[in-house]
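What follows is the residue order along each chain.
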Amino acid sequence: MKMTFVKTLLASSVFIASTALAAYPEKPITIIVPWGAGGNTDTIARLVAKGLQEELKVNVNVVNRTGGSGVVGHTAIKTAKPDGYTLGVATAEIAIMRHQKMTDLSYKDYTPIVRLAVVPGGVQVGKDSPYKDINELLADAKANPGKLKASGSGLNSIWHLNLLGMLKASGLSEDTIKFVPSQGASAALQELVSGGVDLVTSSPGEAKSMTDAGMVKHLAITSEQKDSLYPDIPVYKEATKTDWVVGGWNVLSAPKDLPNDVKETLEKAMKKVYASGELQQFSHKQGFDVGELYGTELEQFMLGEDQKFEKLLTK
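Residues numbered from 1 in each chain as written. Predicted model: local features only at pLDDT ≥ 70, side-chain atom pairs only at ≥ 80, totals over all residues. Heavy atoms only, no water.

## As for the overall build of the chain
Worth spelling out the cut-off: Secondary structure elements follow DSSP: runs of H or I no shorter than four residues count as helices, runs of E no shorter than two count as strands, and numbering proceeds from the N terminus. The buried label applies to any residue whose accessible area, calculated with a 1.4 Å probe on protein chains only, is under 20% of its type's maximum; exposed applies above 50%, and partly exposed to all values in between. Residues count as neighbours in contact if any of their non-hydrogen atoms are within 4.5 Å of one another. For the area figures, the Shrake-Rupley method with a 1.4 Å probe applies, and any residue is considered shielded solely by the protein chains shown.
When you go through the chain residue by residue, the secondary structure sums to 11 helices and 11 strands. Seen through its C-alpha atoms, the chain measures out along the principal axes to roughly 95 × 40 × 30 Å. Buried positions account for 50% of the 315 residues belonging to the chain. Long-range pairs, those at least 24 residues apart, make up 76% of the contacts in the chain with a sequence separation of at least 6. For the chain, the accessible surface area stands at approximately 15,300 Å², while carbon and sulfur atoms represent 53% of it.

Quick look at the structure:
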């Protein structure tokens, strides 16, 4: 009987040890998307889920947690258990919302794994616009404050902030160009071609179909440097000699305090996902780019974005 007890004890110890040392992952993973199904962020997340599922050999599911202009989903990512089984796609809004007093969430609440999509902003005008370049537009705005109207998406959205950043960088007041809110870039561009506004500050990718149709032309792109997808569009900060760069982005993230070994496993898997090229193919088709970034460089990028919008939004 004593021998039986010892065998049972040993078996139990082996089971506990093997369970404790089980390699991650050993069960399905969930990726939370703070935005609705069908959009670019959601589609990127599903491509990531597909790639991770192939690399990690477990099911990876995408769940949309919408509401509160992104607050609901981002909160769900933050408050999940930091064990690698709940991930999320954090977007540029976490660098914006707390400075707008919408939430206390910040980039510090997450463990960033890899940067995914990068969507530069820009300036678009109608085909019959009198402005040949961005400096002509800014000069007219300065000479005639309140004359021009712009749109791009909703109030306090990233494309609204694009306009505010341009004006601030040029030493102009926020009301120099009036912003007309819209239900997204598509609606703003429709308003542009119908003559309801004079310019739109959304991304070149969102204006791609109208540009191809000859209805819209680009005056500038607010990327750091020339964009390989839009080599003919002037870079805003170079053309205007100001320091304004802005764009949307999203980052595969986990809750804060994710164990290093789990983070390393996810980074290794994502490098293989990137190597397949599927993310790049989808992104380029949609008119935006992917910006693979890991580790300290990614952390510095998110810090820089937070500081940029703090400076813009703090009076």
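## Side note on helix H9 (residues 260–276)
Structurally, the α-helix is built with 3.6 residues per turn, so residues lying three or four positions apart point the same way. Going by this rule: The span expected for a helix works out to 1.5 Å for each residue beyond the first.
In this model H9 runs 25 Å from its N-terminal to its C-terminal C-alpha over 17 residues, within 8% of the 24 Å that 1.5 Å per residue would give. One or two steps after H9, the chain reaches Gly 277, where phi turns positive at roughly 85°.

## Describing the pattern of salt bridges
Condition: Any carboxyl oxygen of Asp or Glu that lies within 4 Å of a side-chain nitrogen of Lys or Arg is treated as forming a salt bridge with it.
Applying the stated criterion across every chain, the model contains 10 salt bridges. Notably, a salt bridge pairs Arg 98 with Asp 306, separated by 2.8 Å at the nearest N-O pair. Taken together, the positions of Arg 98 in the loop between strand S3 (86–91) and strand S4 (110–120) and Asp 306 in helix H11 (residues 295–313) put the pair 208 residues apart, joining distant regions of the chain. The class of Asp 306 is buried, set by a relative accessible area of 3%. Residue Lys 263 is joined to Glu 299 by a salt bridge in which the shortest nitrogen-to-oxygen separation is 3.9 Å. In this pair, Lys 263 sits in helix H9 while Glu 299 sits in helix H11, placing the two residues 36 residues apart along the sequence. Given the relative accessible area of 15%, Lys 263 is considered buried. Look at Glu 299 and you get partly exposed, because its relative accessible area is 36%.

## Comments concerning the sheet that holds S4
As a reminder, the rule being used: Two strands are said to pair when DSSP picks up at least two bridges between them. Lines fitted to the C-alpha atoms define the axes, with helices restricted to the stretch that makes contact. Angles between their N-to-C directions range from 0 to 180 degrees.
Read from one edge of the open sheet, 6 strands run S2-S1-S3-S10-S4-S11, paired in mixed fashion. Two strands bound the open sheet, and with one partner strand each, they are strand S2 (60–64) and strand S11 (289–290). Relative to S3, strand S1 (residues 29–33) runs parallel, the two being bridged by 3 bridges. The partner of Ile 31 across the bridge, within S3, is Leu 87. Packed on one face of the sheet, helix H5 (residues 158–169) meets S4 and strand S10 (247–255) and runs near 125° to S10. Running at roughly 25° to S4, H9 makes contact with S3, S4, S10 and S11 of the sheet.

## Quick word on the side chain of Ser 151
The criterion, for reference: Polar contact criterion, stated in full: a pair of N or O atoms within 3.5 Å, where within protein one must be able to donate a hydrogen and the other to accept it, and residues adjacent in sequence count only if both atoms are side-chain atoms.
You can see Ser 151 is positioned in strand S6 (residues 149–151). At 2.6 Å, the side chain of Ser 151 forms a polar contact with the backbone oxygen of Val 180. In this structure Ser 151 touches Phe 179, Val 180, Pro 181, Ser 182, Ala 188, Val 197, Leu 199, Val 200 and Thr 201, once residues within four positions along its chain are discounted.

## Focus on the packing of aromatic side chains
Short version of the rule: When two rings of Phe, Tyr or Trp (its six-membered ring) have centres within 6.5 Å they constitute a pair, described as stacked for plane angles under 30 degrees, edge-to-face for angles over 60, and tilted for the intermediate range. Lysine and arginine charges are scored as sitting over a ring when NZ or CZ, respectively, is within 6 Å of the ring centre and within 35 degrees of the ring normal.
This structure, assessed with the given rule, holds 3 aromatic pairs. Ring centres of Phe 282 and Phe 288 lie 6.1 Å apart, and the angle between their planes is 80°; on these two criteria the pair is classed as edge-to-face. Judged by its relative accessible area of 4%, Phe 288 falls in the buried class. Above the plane of the ring of Phe 301 lies Arg 115, whose end atom (NZ or CZ) is 4.6 Å from the centre. It is Lys 308 that lies over the ring of Trp 244; its NZ or CZ is 6.0 Å from the centre.

Function cannot be inferred from these measures alone, as they are strictly geometric.
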